[in-house]
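Topology and contacts: notes
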Amino acid sequence: VQLVESGGGLVQPGGSLRLSCAASGFTFSNYDMSWYRQAPGKERELVATITSAGGSTNYADSMKGRFTISRDNAKNTVYLQMNSLKPEDTAVYYCRAVRRVTIVTYSYWGQGTQVTVSS
């Protein structure tokens with residue numbers, strides 16, 4: 001199982017980035033996908049989630065209207081479009097795959113990609 005994030009980097013405040021997370025080794029279309037982030041000295045926090053078929057999305061309040069999560073099940077990839085970036089968006093961004101089958105939860109994490117918002 002692999003989740004490989006890409007697309008991070010240095011961007012100026014107000015700029016945009018598009019993160020990608022390529023999945024392999026499991027049936028991607030059966031899993032809800034999420035993006036999390038962790039800033040230095042802070043706990044990891046949920047950014048956004050998209051259901052397995054892409055029919056529903058949820059966002060943390062501070063990201064609503066600026067970030068968009070999407071997925072392409074044919075490409076086994078989930079995306080996070082980030083607009084109007086702020087310095088406080090600086091963090092390592094991780095993707096996560098989750099599937100719950102009765103009482104069993106299957107969860108996989110990527111290794112993260114660094115996003116730095118600075119002038």
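A brief report on the enclosed structure follows. (Residues numbered from 1 in each chain as written. Predicted model: local features only at pLDDT ≥ 70, side-chain atom pairs only at ≥ 80, totals over all residues. Heavy atoms only, no water.)

1. A look at the state of the cysteines
- Evaluated as defined, the whole model comprises one disulfide.
- There is a disulfide in this structure between C21 and C95, and the S-S distance comes to 1.9 Å. Because the torsion about its S-S bond is 45°, the bridge between C21 and C95 counts as right-handed. You can see C21 sitting in strand β3 (residues 17–24) and its partner C95 sitting in strand β9 (residues 91–101), a full 74 residues away along the chain. In this pair, the class of C21 matches that of C95, namely buried. (Disulfide = S-S within 2.5 Å. Helix = DSSP H or I, 4+ residues; strand = E, 2+ residues; numbered from the N terminus. Buried < 20%, exposed > 50% of the residue type's maximum accessible area, 1.4 Å probe, protein only.)

2. Considering the pairing of strand β4 (residues 32–38)
- With respect to burial, β4 is a largely interior element, five of its seven residues being buried.
- Sheet topology places β4 next to β9; seven bridges connect them, and they run antiparallel. Among the inter-strand pairings, W35 is bridged to a residue of β9, identified as C95.
- Looking at chain direction, β4 and strand β5 (residues 45–50) are connected through five bridges and run antiparallel. Looking at β5, one finds that M33 is bridged to I50. (Pairing = 2+ DSSP bridges.)

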